[in-house]
There are 2 protein chains.
Amino acid sequence: MKKTRNTQKQDYVIDILTNAKHTMSVEAILKAMPIKVNKTTVYRILERFAEKGKVHFVTGEDGKAYYALCNDCNVKHEMHNHIHFQCKSCKKVTCLPYEIEVPELKDFEVQETQFLMIGICDMCIS
Amino acid sequence: MKKTRNTQKQDYVIDILTNAKHTMSVEAILKAMPIKVNKTTVYRILERFAEKGKVHFVTGEDGKAYYALCNDCNVKHEMHNHIHFQCKSCKKVTCLPYEIEVPELKDFEVQETQFLMIGICDMCIS
DNA sequence: TACACTAAAGCAACTTAGTTGCAATAATAC
DNA sequence: GTATTATTGCAACTAAGTTGCTTTAGTGTA
């Protein structure tokens, strides 16, 4: 395994995702940063974390990637088979505590899953 | 309901999707067109078809939209709860004949679903 | 068949997420 | 303290998708 270093910016990303109520886009993470960080840096930090399984992401219906910390989700499963919900109005993506029972596929070697439900959230419905 | 017109270009899109083995990106549809068509046109044709329920799309892990004809998938269900598979190597997205049992969500009004499994397909594994 | 209405198509310019290659910076090991 | 190299920054780029406006061409009516 490649050597890694601890940096302040990586810590900030973890802090921000830890305190996040929803999954976050790179754009949102950048805005939440207490110091100025380049977007490429954030992309690469998240890429590294995703490889290590610290973070997972879903691609929203809008084509953007939304990131969240991995809590117990993949410790047990190696995969993130829980559902995400994206609100069409506010675009927020939320991790939901529902696991999907995934079928065995014959012609495909499955590495990840992304289950997304799309609609309107409570906050936006009123 | 708004009036619609039948045009050659719309027919071509339907033809192409009918003969497609996989879901198709707008780029792929454009390439498959027997005549020159503007990309904006294809986007708008697909948008109209999606509204009418003739077509559905999944957002791939790559953030691109992949379109497929709706066969019996939404006639019965109003939603497209089948699984899609995207190959990380060739990027192809395939509709799979597996329905997902979706949970009732309390805080969200669900309008659509996108279930994506990601990995390597048989063709690319060798 | 000719005409009016307007849906559909074309065009060009734009927006934005994400990427790339390379140079500068700074953790870590010695 | 110094060397090594992981990490960050920067600028330029790519590509998907959008927007506003003009032009073209289905379709209904006379």
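In what follows, the accompanying structure is described. In every chain, residue numbers begin from 1 and rise along the written sequence. Going through the entries in the order they are written, you letter the chains from A and number the ligands from 1. It should be noted that, the model being predicted, local features are given only for residues of pLDDT at least 70 and side-chain atom pairs only at 80 or more, the latter also being counted only at that level, while totals for whole chains, interfaces and linings use all residues. The side-chain figures draw on all heavy atoms in the structure; neither hydrogens nor water molecules are used.

**Here we look at the packing of helix H1 (residues 8-19) of chain A against helix H3 (residues 39-52) of chain A**
A pair of packed helices is characterised by two quantities: the angle between their axes and the separation of those axes.
Residues and elements named next belong to chain A.
Logical step 1: Running from N to C, H1 and H3 point in directions that differ by 70°, and their axes come no closer than 10 Å. Taken as axis vectors, H1 and H3 run roughly perpendicular relative to one another. Residues Lys 9, Gln 10, Val 13, Ile 14 and Leu 17 of H1 lie in contact with H3, whose contacting residues are Ile 45, Leu 46, Arg 48 and Phe 49. Helix axes use the C-alpha atoms of the stretch in contact, all axes being lines fitted to C-alpha atoms, and the angles between their N-to-C directions lie in the range 0 to 180 degrees. Here a helix means four or more residues in a row that DSSP labels H or I, a strand means two or more in a row labelled E, and each is numbered from the N terminus. Put simply, angles under 35 degrees are roughly parallel, angles over 145 are roughly antiparallel, angles from 65 to 115 are roughly perpendicular, and the rest are oblique. Whether two residues are in contact is decided by their heavy atoms: any pair within 4.5 Å suffices.

**What to know about the protein's contact with DNA strand D**
Logical step 1: Being near a molecule or strand, for a residue, comes down to having at least one heavy atom within 4 Å of it. Every one of the 25 residues lining DNA strand D counts as a neighbour, but A:Thr7, A:Lys9, A:Thr41, A:Arg44 and B:Arg5 are closest to it.
Logical step 2: The sugar-phosphate backbone supplies 58% of the atoms of DNA strand D found within 4 Å of the protein.
Logical step 3: Polar contact is defined as a pair of N or O atoms within 3.5 Å, subject to the rule that within protein one atom must be able to donate a hydrogen and the other to accept it, and that residues adjacent in sequence are counted only when both atoms are side-chain atoms. A:Arg48 is positioned with one of its side-chain polar atoms (N or O) 2.7 Å from a phosphate oxygen of DNA strand D.
Logical step 4: At 2.9 Å, a side-chain N or O of B:Tyr43 approaches a phosphate oxygen of DNA strand D.
Logical step 5: At the level of secondary structure, the elements contributing two or more residues to the surface near DNA strand D comprise H1 and H3 of chain A together with helix H3 (39-52) of chain B.
Logical step 6: Looking at the surface near DNA strand D element by element, the count peaks at five residues for H3(A).
Logical step 7: In this classification, the charged set is Asp, Glu, Lys and Arg, the nonpolar set is Ala, Val, Leu, Ile, Met, Phe, Trp, Tyr, Cys and Pro, and all remaining amino acids, among them Gly, are polar. Taken together, the residues of the surface near DNA strand D break down into four nonpolar, nine polar and twelve charged.

**Some details on the relation of the copies chain B and chain A**
Logical step 1: We place the copies in one frame by least squares, fitting the C-alpha atoms of every residue whose pLDDT is at least 70 in both. Aligned on chain A, chain B shows an RMSD of 0.0 Å; the corresponding rotation is 180° and the shift along the axis is 0.0 Å. This pairing of chains is accounted for by a two-fold axis.
Logical step 2: When the interface residues of chain B are mapped onto chain A, 100% of them again lie at the interface, so the same face is used by both copies.

**What about the protein's contact with DNA strand C?**
Logical step 1: Looking at DNA strand C, there are 24 residues lining it, with A:Ala65, B:Thr7, B:Lys9, B:Thr41 and B:Arg44 nearest.
Logical step 2: A share of 60% of the atoms of DNA strand C within 4 Å of the protein falls on sugar and phosphate groups.
Logical step 3: One of the backbone N or O atoms of B:Lys3 is found 3.5 Å from a sugar or linking oxygen in DNA strand C.
Logical step 4: In this structure, B:Thr7 approaches DNA strand C through a side-chain N or O atom, which is 2.6 Å from a phosphate oxygen.
Logical step 5: Of all elements in the fold, only H3 of chain A together with helix H1 (8-19) and H3 of chain B reach the threshold of two or more residues within the surface near DNA strand C.
Logical step 6: Here the element with the most residues in the surface near DNA strand C is H3(B); it accounts for five residues.
Logical step 7: Broken down by class, the residue content of the surface near DNA strand C amounts to four nonpolar, nine polar and eleven charged.

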